[in-house]
Amino acid sequence: MTAFDRFSGTSAARGPGAEIRNGAWALLAALPLVAGIAFAQQTKQDVTGMEQQRSIEQGVFGTLPDGSEVALYTLTNAQGARLSVTPYGGIIVALEVPDAEGEFEDVVLGFDRLEGYLSPAYRQANPYFGALIGRYGNRIAGGEFSLDGEVHTLPTNDGDNHLHGGDRGFDRRLWEAETVEDERGVGLILTLTSLDGDQGYPGELQARVRYTLSDDNAVIVDYQATSNATTPVNLTQHSYFNLDGVTGERADGDDILDHRLTINADAFTPVDAGLIPTGELRSVAQTPFDFREPTPIGERIEADNTQLARGQGYDHNFVLDRNGLDENELVTAARLEAGHSGRVMEVLTTEPGLQFYSGNFLDGALTGKGGTTYDHRFGLALETQHFPDSPNQPDFPSTLLQPGETYQSQTRYVFSTVASVDGAN
């Protein structure tokens with residue numbers, strides 16, 4: 001029995017078309033990874049008996065320097081939750097879900113307008129708020145890797161290393177967008193062509209990502225990619241979460257240190273001074289990295305620990321306990337709980353790793369939605385992924401995509417509530 005069986009009663013979930021042992025996930029698991037039909041509104045009944053209507057709204061988010069107009073799509077489910085996404089960078093701009101009292105608040109960091117993501121201050125800080133990351137999420141040592149005897153050189157945009165796809169990764173591209181609605185929920189399909197040699201990567205890559213907002217308040221992210229030449233691929237989503245809300249009174253001066261986090265991992269990958277994995281899979285036991293039971297993030301973040309010092313907090317990949325599951329089967333990776341709002345987020349994924357980043361480099365220099373200042377550790381990221389520097393680490397799970405194969409991955413962020421410490425029911 002895993003830690004997740006003990007604290008939530010949720011066992012590892014199976015992939016598309018297979019049965020999940022815990023009935024709470026059965027409907028989600030049975031749904032296909034990729035589906036698309038013509039958009040049609042549906043009216044459903046929410047838990048309070050109030051009628052809600054699914055909808056997809058499109059508006060203008062801003063204009064790029066080359067004159068390209070950038071849209072913003074807002075998806076609303078039958079419970080009234082809302083997900084706003086822009087095709088620029090595939091960025092999740094806003095995500096409004098209810099707290100324990102039924103009040104909806106935005107729980108992801110970002111900006112009210114496109115200009116915020118284009119500003120010099122944002123580009124200098126480069127926090128990747130809400131963005132799709134590719135071709136390779138996380139770091140590649142020295143900005144190079146060897147493939148079939150050829151060395152491929154990548155931009156070094158993080159000291160001596162390559163980070164999140166380079167100077168112009170997928171987070172800075174304008175994706176093609178198509179809305180969709182089906183039995184899974186309301187969604188947005190984004191597609192992008194990355195040409196051979198893009199940021200130094202070999203092969204022409206065709207990437208496809210679908211965001212779905214289900215009627216039971218789950219955000220489902222389906223990733224697909226194909227290439228005409230062997231290339232490393234490691235796509236992920238880089239939203240920063242604060243489950244107590246990122247605007248309004250509660251957001252003033254609030255950080256995520258009292259959020260309780262559980263990570264389904266017995267080991268993590270320690271890093272060197274440049275935050276590159278050493279190759280070791282180190283046990284979390286008796287370390288500040290042991291989140292196998294619910295633990296406040298701030299409880300050990302200032303501990304005297306070399307790894308915490310190197311990351312200036314948590315900025316590490318956790319090796320998920322997949323218990324022999326097939327690579328296409330979902331496993332519960334993490335559970336995050338905010339005591340004040342009562343919001344809970346569970347993260348399920350087909351990926352082998354999870355990067356937990358505790359917002360260490362947020363310093364108050366950026367002002368986001370509603371005029372909120374993004375101070376130190378105001379938000380955190382839980383990035384599902386393959387391991388950092390895998391192209392240079394032969395003992396890590398491979399990230400190489402071969403011609404004729406399809407890269408496929410799924411992550412689900414499932415929102416619910418528990419009683420809050422402020423007295424909500």
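Before going into details, it helps to say that this report is about the structure given with it. (Residues numbered from 1 in each chain as written. Predicted model: local features only at pLDDT ≥ 70, side-chain atom pairs only at ≥ 80, totals over all residues. Heavy atoms only, no water.)

Here's the deal with the pattern of salt bridges
Right, so step 1: This structure, assessed with the given rule, holds 17 salt bridges.
Right, so step 2: Here R173 ties to D198 by a salt bridge, and the two come within 2.7 Å at their closest N and O atoms. One end of the pair, R173, is in the loop between strand 12 (162-163) and strand 13 (176-182); the other, D198, is in the loop between strand 14 (185-194) and strand 15 (205-213), and 25 residues separate them in sequence. One exposure class covers both R173 and D198, and it is buried.
Right, so step 3: Here D222 and R184 are joined by a salt bridge, their closest N and O atoms 2.9 Å apart. Here R184 lies in the loop between strand 13 and strand 14 and D222 lies in strand 16 (residues 218-227), a separation of 38 residues in the sequence. Across the pair, exposure class does not vary: D222 and R184 are buried alike.
Right, so step 4: One connected set of salt bridges, linked through shared partners, spans R54, E181 and D215. (Salt bridge = Lys/Arg side-chain N within 4 Å of Asp/Glu carboxyl O. Helix = DSSP H or I, 4+ residues; strand = E, 2+ residues; numbered from the N terminus. Buried < 20%, exposed > 50% of the residue type's maximum accessible area, 1.4 Å probe, protein only.)

Here's the deal with the sheet that holds strand 20 (residues 265-269)
Pairing between the strands of a sheet is mediated by backbone hydrogen bonds and can be parallel or antiparallel.
Right, so step 1: A sheet is described by the order of its strands in space; here five strands give the open sequence 21-20-23-26-27, paired in antiparallel fashion. With one partner strand each, in any of the chains shown, strand 21 (282-283) and strand 27 (381-385) form the two edges of the open sheet.
Right, so step 2: With two bridges connecting them, strand 20 and strand 21 associate as antiparallel partners. Counted as the bridge partner of A267 is S283 from strand 21. (Pairing = 2+ DSSP bridges.)

Digging into the nonpolar core
Right, so step 1: Formed by 62 residues in total, the largest nonpolar core has its most connected members in I263, F356 and F415.
Right, so step 2: With five residues, the single largest contributor to this core is strand 15.
Right, so step 3: Membership of the second largest hydrophobic core comes to 25 residues, among which are V70, L109, F129 and I133. (Core = buried A, V, L, I, M, F, W, Y, C linked by side-chain atoms within 4.5 Å.)

Let's talk about the pairing of strand 14
Right, so step 1: Extensive coverage of strand 14 is indicated by the burial of eight of its ten residues.
Right, so step 2: When strand 13 meets strand 14, the two strands line up antiparallel, connected through seven bridges. The residue of strand 14 that forms the bridge with E181 is V186.
Right, so step 3: In this structure, the hairpin formed by strand 13 and strand 14 is closed by a connection of two residues.
Right, so step 4: Across nine bridges, strand 14 lies against strand 15 in antiparallel orientation. Of the residues in strand 15, the one forming a bridge with V186 is L213.

Concerning the side chain of T74
Right, so step 1: As for its placement among the helices and strands, T74 is situated in strand 4 (residues 69-76).
Right, so step 2: In terms of polar contacts, T74 uses its side chain to reach the side chain of S84, at 3.0 Å.
Right, so step 3: When residues no more than four places from it in sequence are discounted, the contact partners of T74 are S55, I56, E57, R82, L83 and S84. (Polar contact = N/O pair within 3.5 Å; in protein donor to acceptor, adjacent residues only side chain to side chain. Contact = heavy atoms within 4.5 Å.)

Things to note about the environment of A121
Right, so step 1: Tracing the backbone shows A121 in helix 4 (residues 120-125).
Right, so step 2: Considering only alpha carbons, one finds A121 and A365, 244 residues apart in sequence, at a separation of 7.5 Å.

Notes on the sheet that holds strand 22 (residues 295-296)
Right, so step 1: The sheet built from nine strands is open, its strands ordered 13-14-15-16-29-25-24-19-22 with antiparallel pairing. A single partner strand is all that each edge strand has here, and the edge strands are strand 13 and strand 22.

A word on unusual backbone geometry
Right, so step 1: Residues G134 and R135 are joined by a peptide bond in cis, for which omega reads 0°.
Right, so step 2: Position of R135 among the secondary structure elements: in the loop between strand 8 (131-133) and strand 9 (139-140).
Right, so step 3: Within the chain, Y128 stands out as a residue other than glycine whose phi angle is a positive 60°.
Right, so step 4: Take Y128: it is sitting in the loop between helix 4 and strand 8.
Right, so step 5: The residue D389 is not glycine, and still its phi comes out positive at about 60°.
Right, so step 6: With respect to the element layout, D389 can be found in the loop between strand 27 and strand 28 (400-401).
Right, so step 7: According to the relative accessible area criterion, D389 is buried, its value standing at 2%.

What about the environment of E101?
Right, so step 1: Mapped onto the elements, E101 comes out in the loop between strand 6 (91-98) and strand 7 (104-106).
Right, so step 2: Assessed through its relative accessible area of 54%, E101 is described here as exposed.
Right, so step 3: Each C-alpha atom, one on E101 and one on V418, is 9.7 Å from the other, the two residues being 317 residues apart in sequence.

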